[in-house]
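# Coordinates in review
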Amino acid sequence: MRAKHINPFVPGGRSATILLVVMTFRPAIFSTPQIATTDIPYKRAVDRHLHGLSSNTRISGGHDAKLADHPWQVALVAADDSDNTRAEFCGGAVIGEHWVLTAAHCLLGVPNQAAIKILVGTDTLDAAGRRLTVDYFKPHENWVKTGHDFDIALVHSSEVLTGTVALWKGTDAQFENQTFVVSGWGAIAWKPDPPRSIKLQAVPVKFVGKDLCGSPVSYGSRLTDNMFCAGDYKNGGVDACTYDSGGPATWSRQAGIYLVGIVSWGDGCGEAKKPGVYIKVSNFAQWIKTQTHQEVF
Ligand code: 4AZ
């Protein structure tokens, strides 16, 4: 996101014209633990539309991914803007015939169900795909707008969805030394103008335990028991980023592939000692079951 102000002025008595060019970069790929207005994914999408901006910031260190390998991946798009490359503001995962799991903060500023659509059937934002109508959404009741705890939400599609991924309902006790895969159409680099990626990206991220991720040099007490971290703790480089929020982190096991995490937050993207922070899906199995009237369990 870029604000550009050009202020020509003439200082006292001299005829020289000084052009003061103030370029304020506020990289959209950066997030803070507190959600500022500019960190509202839906608003960013609407702004891009209003100001005719291209979505030039899009997982760090990832590779092009095929929908066939991530059939549960959907995008949330702003209904007003028919251009998906601008309208995409968050990811989500199909967890039932009518249900998408996403991050609660993805719904910040969304005025009503009609304002958003679920983009399905494409791994490329500029290809056709289908936009499905949302008839209901529900952020977790314990989530507060100024934080990231309980950053989980359900979105109900009026049409049937395919590609359902199974929820991981076990504990995180087995996560140590495991690698997950995170996917999305989010920012691929931490630069003001990274090349636009309209292709779905995916990247393996290693689980990072609370001993490291909850240490003072990382996130300290900002890391709650509803969250876990993943990335490359020592080196950085592989991470989720802005516009990946709400998207899936999955765990491939012998018995199948499970949804373990929802992209939620982090300090920057791909930085060493600042791995991505995910909502621990297993903590919410009962909540999901209740909210979906047992359609998902
Ligand atoms: C965001 O702003 C965001 N590096 C999502 C994930 C991460 C950082 C920021 C993790 O939506």
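Residues numbered from 1 in each chain as written. Predicted model: local features only at pLDDT ≥ 70, side-chain atom pairs only at ≥ 80, totals over all residues. Heavy atoms only, no water.

### Side note on the overall build of the protein
Per the secondary structure count, the protein includes 4 helices and 16 strands. Counting across all 297 residues of the protein, residues that qualify as buried make up 53%. Surface accessibility of the protein: about 12900 Å² in total, with carbon and sulfur atoms responsible for 53%. (Helix = DSSP H or I, 4+ residues; strand = E, 2+ residues; numbered from the N terminus. Buried < 20%, exposed > 50% of the residue type's maximum accessible area, 1.4 Å probe, protein only. Areas by Shrake-Rupley, 256 points an atom, 1.4 Å probe, with all protein chains shown as cover.)

### So, the site of the ligand
Not every one of the 13 residues close to the ligand is listed here, only the nearest: Asp239, Ala240, Thr242, Ser245 and Gly268. In the environment of the ligand, a nitrogen atom lies 2.8 Å from a nitrogen or oxygen atom belonging to the side chain of Asp239. The side chain of Thr242 places a nitrogen or oxygen atom 3.2 Å from an oxygen atom of the ligand. When the ligand is considered free in solution it has 300 Å² of accessible area, and contact with the protein chains removes 97% of it. Counted by class, the shell around the ligand contains 5 nonpolar, 7 polar and 1 charged residues. (Near = heavy atom within 4 Å. Polar contact = N/O pair within 3.5 Å; in protein donor to acceptor, adjacent residues only side chain to side chain. Nonpolar A, V, L, I, M, F, W, Y, C, P; charged D, E, K, R; others polar.)

### Digging into the sheet that holds strand β5 (residues 88-96)
Sheet strands associate in pairs through backbone hydrogen bonding, adopting either a parallel or an antiparallel arrangement. Reading around the circumference, β4-β5-β6-β9-β8-β7 is the order of the 6 strands in this closed barrel, with antiparallel pairing throughout. Adjacent strand axes in the sheet meet at a mean angle of 40 degrees when their direction is disregarded. (Pairing = 2+ DSSP bridges. Axes fitted to C-alpha atoms, helices over the stretch in contact; angles between N-to-C directions.)

### Here's the deal with the state of the cysteines
The tally for this structure, following the rule as stated, stands at 3 disulfides. Note that Cys213 is cross-linked by a disulfide to Cys229, the S-S spacing being 2.0 Å. Across the S-S bond of Cys213 and Cys229 the torsion is about -90 degrees, and the bridge reads as left-handed. On the criterion of sequence distance, the pair formed by Cys213 in helix α3 (residues 210-213) and Cys229 in strand β13 (residues 227-231) is long-range, its members being 16 residues apart. Exposure class is identical for Cys213 and Cys229. Each is buried. Linked covalently through their sulfurs, Cys241 and Cys269 form a disulfide whose S-S length is 2.0 Å. Residues Cys241 and Cys269 are joined through a disulfide that is right-handed, its torsion about the S-S bond being 85 degrees. With Cys241 in the loop between β13 and β14 (248-253) and Cys269 in the loop between β15 (256-265) and β16 (276-280), the pair connects residues that are 28 residues apart, well separated along the chain. (Disulfide = S-S within 2.5 Å.)

### A word on the packing of aromatic side chains
Two aromatic rings, taken as a pair, are described by how far apart their centres are and by the angle between their planes. Enumeration over the complete set of coordinates arrives at 15 aromatic pairs. Ring plane angle 80 degrees and centroid distance 5.5 Å describe the contact between Tyr42 and Phe89, whose orientation is recorded as edge-to-face. Accessibility assignment for this pair places Tyr42 and Phe89 in one class, buried. Judged by centre distance (5.6 Å) and plane angle (65 degrees), the rings of Phe175 and Phe228 are edge-to-face. In this pair, Phe175 sits in the loop between β10 (166-167) and β11 (179-184) while Phe228 sits in strand β13, placing the two residues 53 residues apart along the sequence. Comparing Phe175 with Phe228, the two get one shared label, buried. Above the face of the Trp251 ring, Arg253 is positioned so that its terminal group lies 4.2 Å from the ring centre. (Phe/Tyr/Trp six-rings, centres within 6.5 Å; stacked < 30°, edge-to-face > 60°. Lys NZ or Arg CZ within 6 Å of the ring centre and 35° of its normal.)

### Looking at the pattern of salt bridges
Pairs may arise between side chains of opposite charge once their charged atoms sit close together. Across all of its chains, the model carries 7 salt bridges by this definition. Linking Arg130 and Glu159 is a salt bridge whose minimum nitrogen-to-oxygen distance equals 3.2 Å. With Arg130 in strand β8 (residues 130-139) and Glu159 in the loop between β9 (153-157) and β10, this residue pair connects regions lying 29 residues apart in the sequence. Given a relative accessible area of 31%, Glu159 falls into the partly exposed group. The salt bridge partner of Lys280 is Asp172, with a shortest N-O separation of 2.8 Å. (Salt bridge = Lys/Arg side-chain N within 4 Å of Asp/Glu carboxyl O.)

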